[in-house]
Amino acid sequence: MAIISPEPAKASPRLARNVRAMSRATAVIPIVVGVLVLFGWSADIEILKRIVPGLVAMNPMTAIGFIFLGVSLALVSREEVGKTRHRIGEAFALIASAIGLIKILALITPINLHIDQLLFAGKLGGSDFGLPNQMAPNTALNFLLLGLAVMNIDRRLSRWWPSQFLTIAAAMSSLLALMGYLYGVKSFYVIGAYIPMALHTAGTFLVVAVGVLFARPSHGLMAVFLSESSGGVMLRRLLPAVLIIPAALGWIRHQAYSARLVDPEFEMWLLVIGLMTLFLLLIGWSGRLLFRLDLDRAEAERTLSYQAMHDALTQLPNRRLFTERLEEEIARTKKSGNTLAVLFLDLDLFKVVNDSLGHVVGDQLLIAAGERITENLGEGDLAARISGDEFTILLCDAKARERAADLAKKMLAAFGFPFKVGPHEVFSTVSIGIAFSERDDSPVNLIRHSDIAMYQAKTRGKARYEIFDPTMDLAAIRRLELETELRRAIEEGELRVFYQPEVEIESGNLVGMEALVRWEHPERGLVSPTEFIAVAEETGLILPIGRWVMYEACRQAKEWQEKYRPDLALMVSVNLSGRHFQQATLIDEVSEVLKKTGISPANVILEITESVAMEGAETTIEILTKLKTLGVSLAIDDFGTGFSSLSYLKRFPVDLLKIDKSFVDGIALEGPDSAIVEAIIALGHALGLKVIAEGVETTAQVDQLRALGSELGQGYFYGKPLNSAPILLSNGSANEAAQRESGLPAPPAAKSSR
């Protein structure tokens, strides 16, 4: 596994700002020195001209050069330098550089403009070391170097910054002069027979050089010097030693030589031994430091590598590591002929726990689930958390095919016990999909196949395992195609609303109709709701479908009533899906539909299934109460198929109970279905509710429902769903209309479209 080392550490933004501030501060020093020296010449104050009595005085033109250098450095050292400010700074640096160049030309050519005699010419004739006061050659050279450095401070040559090398050369020249004054060795600060560089001139040049280097802390050598990298640390440790140790040893040798304390050969031996010892100590110190830094970096790289390959919450391998390991094992199976098994696990009740008890408890449940999975693994098995509440297991031994089902059963049993999560005890079963590797399989396909099998386990009741077979893949592809086509159908208006009559059983009169959505596919014709409603529920497409059906049903009912039966209070029933019912915007959406369509709220029935009503019953009561304030009627659909609590049912502000078709089918046989229907009708009447029977198809069923007291009926006996103005709205009873329309009573094999 390749590990990419992190980039070398750079200076922090705060450090870079502080260094720039130091650069601006150093820019003030040459200006102040230059002004004080000029004032000293003007007022004949020797201390300002010479600093130390008996030493050479600074030439007035040197003071002028320092002022120009200081101003140029102050202008270019700011963090954000505008073009105008930068050009002015370059112009001042050019003047300082020109001062040095003119003096150098005067020294090496016959051209002498006497630039260092332009100011206070009458006062320069005095003696400095037996010479008239002039600008020293090394002073002129430093002006040339530093002026060019400031002018080119932002210019780069390949990977190098010329400005820094020019500045370092000037700094070394100044440092050498200062050491000469310290040792008392004139050759360090005097070139030939020319006038020496003044003490404060050398010091000021060194300050300016530091300021130029600090002006750009992110360039070249300064970026390395200020960084937290090994190179930066080494530079900061070695630089003082490189400057101080030779200077100190040189001073000691000079003093010993002057005093003739030791033999010259023994003195040389001491110097060599001293240098070797000091540099060995320095190298050892720096080496130990760099070694420790490398260890820290290696540890950081190991930590980053671990974090990149493992889940931060459960500490299990993540999808990346699992996929890489799976790829390696697939390559091995091509040689060994073994079969791999991948188990895909999904926690069935994680969302309920996470939503009800919060994300902290949800995270603790995931950690506990990861621990429970790893506790049941065999040697060599690999478990990973690949996303959310989804885990995978890789079996790669020779018996993987035989062990997969046994391990799945073991996991199902392990997840049958509760989890102790803080003060809570929670349950979460697991659904498992198993896939086996085939020849030329890929990690992506193997994981996808196990995911498909897990999805099948979910749809078949959860808390079980399924083994992948190719038909599942075809079903998954078909489902994806169906989802894509359904999205297109919504956008292109291929959905239709059909209406099935709801009839008063005693009189046979039409009282309303239920809106049922259909999909008119351009190639396949009408698509049954059983094919696409489940997909719509899973993908959330049921929300735009439900909103459109509600609006279209109310609009159509209002239009048909005004056109065909203005004397009839025609009721229209609309189903609310579980996801639609849970939307915070539901009340506003219903209110807006009522206003836009102009239908009377008293003519609208909103239906929710029994299972949806009982999922969070207290919330259901609150939502139903708000809907009731709009004036609409409410119905419990598919009653008898869920797990109703009578204590909640009596509190639901509903108006109708709809008996599920599965009970109506056997009502004429005087069996259990008849008894159940009788009990539902009696319960509904006891609660003051009307009862409507769904899926009515035969005369015998109608007679039995009439005898049991059911007020309303719906089904093929009365009419099949239509998407145009039904005949039953304008002619006779619903029974007669249905017979004219479809030849009903329906044949025994007919099925309700609900």
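Residues numbered from 1 in each chain as written. Predicted model: local features only at pLDDT ≥ 70, side-chain atom pairs only at ≥ 80, totals over all residues. Heavy atoms only, no water.

K.L.:
Teacher, can you tell me more about the overall build of the chain here?
P.N.:
Regarding its fold elements, the chain presents 27 helices and 16 strands. For the chain, the proportion of its 754 residues judged to be buried stands at 46%. A separation threshold of at least 6 residues defines the contact pool for the chain, and within that pool the share at least 24 residues apart is 69%. Put simply, the chain shows about 37200 Å² of open surface, and 60% of that area lies on carbon and sulfur atoms. (Helix = DSSP H or I, 4+ residues; strand = E, 2+ residues; numbered from the N terminus. Buried < 20%, exposed > 50% of the residue type's maximum accessible area, 1.4 Å probe, protein only. Contact = heavy atoms within 4.5 Å. Areas by Shrake-Rupley, 256 points an atom, 1.4 Å probe, with all protein chains shown as cover.)

K.L.:
Hey, could you run me through unusual backbone geometry in this one?
P.N.:
With glycine set apart, most residues show a phi of negative sign, and most peptide bonds adopt trans. Not every positive phi belongs to a glycine, and Gln315 is a case in point at roughly 65 degrees. Overall, Gln315 belongs to the partly exposed group, its relative accessible area being 40%. Of note in this structure, Ala463 is not a glycine but carries a positive phi near 50 degrees. Mapped onto the elements of the fold, Ala463 is located in the loop between helix 15 (443-459) and strand 7 (465-467).

K.L.:
Quick question: what am I supposed to make of the side chain of Gln164 here?
P.N.:
Along the polypeptide, Gln164 turns up in helix 6 (residues 162-183). Taking the relative accessible area as the measure of exposure, Gln164 reaches 6% and is therefore buried. Ignoring anything within four residues of it in the chain, the contact list for Gln164 reads Leu213, Arg216, His219, Gly220, Leu221 and Met222.

K.L.:
Just checking my understanding: could you explain helix 26 (residues 699-708) for this structure?
P.N.:
Because the α-helix completes a turn every 3.6 residues, residues three or four places apart line up on one side. Along helix 26, the residues classified as buried are Gln701, Val702, Gln704, Leu705 and Leu708. End-on view of helix 26: buried residues confined to an arc of 165 degrees, all on one side of the axis. Check the buried side of helix 26 and you find it contacts helix 24 (661-664), helix 25 (672-686) and strand 15 (690-693). Immediately downstream of helix 26, the backbone of Gly709 shows phi near 100 degrees, a positive value. (Arc of directions from axis to C-beta.)

K.L.:
Even after reading the chapter, I still don't get the nonpolar core, so can you show me in this structure?
P.N.:
The nonpolar side chains of a soluble globular protein tend to be buried with one another. By size, the foremost hydrophobic cluster in this structure holds 73 residues, and its most contacted members are Phe581, Leu606, Leu627 and Phe652. The leading source of residues in this core is helix 18 (residues 542-563), at nine residues. Membership of the second largest hydrophobic core comes to 49 residues, among which are Met61, Leu69, Ala170 and Tyr181. (Core = buried A, V, L, I, M, F, W, Y, C linked by side-chain atoms within 4.5 Å.)

K.L.:
Could you clarify how one ought to interpret the sheet that holds strand 7 in this entry?
P.N.:
Remark on secondary structure: sheet strands pair via backbone hydrogen bonds, oriented parallel or antiparallel. Reading across the sheet, the five strands line up as 2-3-1-6-7 and stay open at both edges, with mixed pairing between neighbours. Every interior strand has two partners, whereas the edge strands, strand 2 (382-387) and strand 7, have only one. Each strand axis lies, on average, 20 degrees off the axis of its neighbour in the sheet, ignoring direction. Here seven bridges tie strand 1 (residues 341-347) to strand 6 (residues 430-436), and the two strands are oriented antiparallel to one another. In the sheet register, Ala341 faces strand 6, and the bridge partner there is Phe436. Its contacts with the sheet put helix 14 (residues 400-414) on strand 1, strand 3 (390-395), strand 6 and strand 7, and the angle it makes with strand 6 is roughly 175 degrees. (Pairing = 2+ DSSP bridges. Axes fitted to C-alpha atoms, helices over the stretch in contact; angles between N-to-C directions.)

K.L.:
What's the story with a nonpolar patch on the surface in this structure? I'm lost.
P.N.:
On the surface, Val28, Val32 and Leu36 cluster together into a nonpolar patch covering about 230 Å² of accessible area. Examined against the element boundaries, Val32 turns out to sit in helix 1 (residues 13-43). (Patch = residues over 30% accessible without salt bridge, like charges linked within 9 Å, V, L, I, M, F, W, Y side chains within 5 Å. Salt bridge = Lys/Arg side-chain N within 4 Å of Asp/Glu carboxyl O.)

K.L.:
Just to check I follow, could you spell out the pattern of salt bridges for this structure?
P.N.:
When the charged atoms of two side chains lie near each other, side chains of opposite charge can form a pair. Enumeration according to the criterion identifies 43 salt bridges in this entry. One salt bridge in this structure joins Glu562 and Lys558, with 3.2 Å as the shortest N-O distance. Taken together, the residues span about one helical turn, with Glu562 and Lys558 both in helix 18 at a distance of four residues. Overall, the relative accessible area of 53% leaves Glu562 in the exposed class.

K.L.:
So what exactly am I meant to see when it comes to the packing of helix 5 (residues 137-151) against helix 6 here?
P.N.:
Helix packing geometry: the angle between the two helix axes and the distance between the axes. The contact between helix 5 and helix 6 brings their axes to 8 Å, and the two run at 155 degrees. Taken together, the axis directions place helix 5 and helix 6 in an arrangement best described as roughly antiparallel. Helix 5 and helix 6 meet at a crossing whose hand is left-handed. Two secondary-structure elements touch here, helix 5 through Asn138, Asn142, Leu145, Leu146, Leu148 and Ala149 and helix 6 through Ser163, Leu166, Thr167, Ala169, Ala170, Ser173 and Ser174. (Parallel < 35°, antiparallel > 145°, perpendicular 65-115°, else oblique. Left-handed = near helix turned anticlockwise from the far one by under 90°.)

K.L.:
Please explain the pairing of strand 1 as it appears in this structure.
P.N.:
A regular strand carries its side chains on alternate faces of the sheet. In terms of burial, strand 1 is largely enclosed, as seven of its seven residues are buried. Alternating residues of strand 1 divide into Ala341, Leu343, Leu345 and Leu347 and Val342, Phe344 and Asp346, and every residue in both groups is buried. Pairing of strand 1 with strand 3 involves six bridges; the strand directions are antiparallel. Across the sheet, the residue bridging to Val342 is Leu394, located in strand 3.

K.L.:
Just to check I follow, could you spell out the packing of aromatic side chains for this structure?
P.N.:
Remark: the centre distance and the inter-plane angle together describe each pair of aromatic rings, the angle taken between the planes. Counted by the stated rule, this structure contains nine aromatic pairs. On the basis of an interplanar angle of 55 degrees and a centroid distance of 5.3 Å, the ring pair of Phe66 and Phe143 is categorised as tilted. With Phe66 in helix 3 (residues 60-76) and Phe143 in helix 5, this pair connects stretches of sequence that are 77 residues apart. Across the pair, exposure class does not vary: Phe66 and Phe143 are buried alike. With a centroid separation of 5.0 Å and an interplanar angle of 65 degrees, the aromatic rings of Tyr499 and Trp560 are classed as edge-to-face. (Phe/Tyr/Trp six-rings, centres within 6.5 Å; stacked < 30°, edge-to-face > 60°.)

K.L.:
Mind showing me how you'd approach the confidence of the model for the chain here?
P.N.:
Note: predicted coordinates in regions of low pLDDT should not be interpreted at a detailed level. On average, residues of the chain score 82 in pLDDT, and 84% of them are at 70 or above. Segment residues 1-9 is flagged for pLDDT under 50; beyond a separation of four residues in sequence, or across chains, it makes ten contacts in the model. (pLDDT = per-residue confidence, 0-100.)

K.L.:
Looking at this structure, I do not really get the packing of helix 20 (residues 586-597) against helix 22 (residues 617-629). What am I missing?
P.N.:
One can describe the packing of helix 20 onto helix 22 by two numbers: an axis separation of 10 Å at closest approach and a directional angle of 20 degrees. Put simply, helix 20 runs roughly parallel to helix 22. In this structure, helix 20 meets helix 22 at a crossing whose hand is right-handed. Between helix 20 and helix 22, the contacting residues are Leu586, Ile587 and Val590 on the first element and Ile623, Lys626 and Leu627 on the second. The residue inventory of the contact of helix 20 with helix 22, partitioned by class, reads five nonpolar, no polar and one charged. (Nonpolar A, V, L, I, M, F, W, Y, C, P; charged D, E, K, R; others polar.)

K.L.:
Please explain helix 17 (residues 529-539) as it appears in this structure.
P.N.:
All of the buried residues along helix 17 are Pro529, Phe532, Val535 and Ala536. All buried residues of helix 17 fall inside an arc of 150 degrees around its axis, so they share one side. Looking at the buried positions of helix 17, the neighbouring elements they touch are helix 16 (470-492), strand 9 (510-521), strand 10 (525-527) and helix 18.

K.L.:
Help me out: how do you make sense of the environment of Ala93 in this one?
P.N.:
The residue Ala93 is located in helix 4 (residues 83-108) in this model. According to the relative accessible area criterion, Ala93 is buried, its value standing at 0%. Ala93 sits 53 residues away from Leu146 along the chain, and the two C-alpha atoms are 7.9 Å apart. Ignoring sequence-local partners within four residues, the contact set of Ala93 consists of Ser72, Gly147, Val150 and Met151.

K.L.:
I keep staring at the side chain of Asp389 and nothing clicks. Help me out?
P.N.:
Relative to the helices and strands, Asp389 resides in the loop between strand 2 and strand 3. Among buried Asp, Glu, Lys and Arg side chains, Asp389 stands out as unpaired, with Lys458 the closest opposite charge at 5.5 Å. Excluding residues that lie within four positions of it along the chain, Asp389 makes contacts with Leu345, Asp346, Leu347, Phe350 and Leu366. (Lys, Arg positive; Asp, Glu negative; His and termini not counted.)

K.L.:
Would you take a moment to explain the environment of Ser387 for this structure?
P.N.:
In this structure, Ser387 sits in strand 2. Spatially, the C-alpha atom of Ser387 lies 9.0 Å from that of Asp311, the residues being 76 residues apart in sequence.

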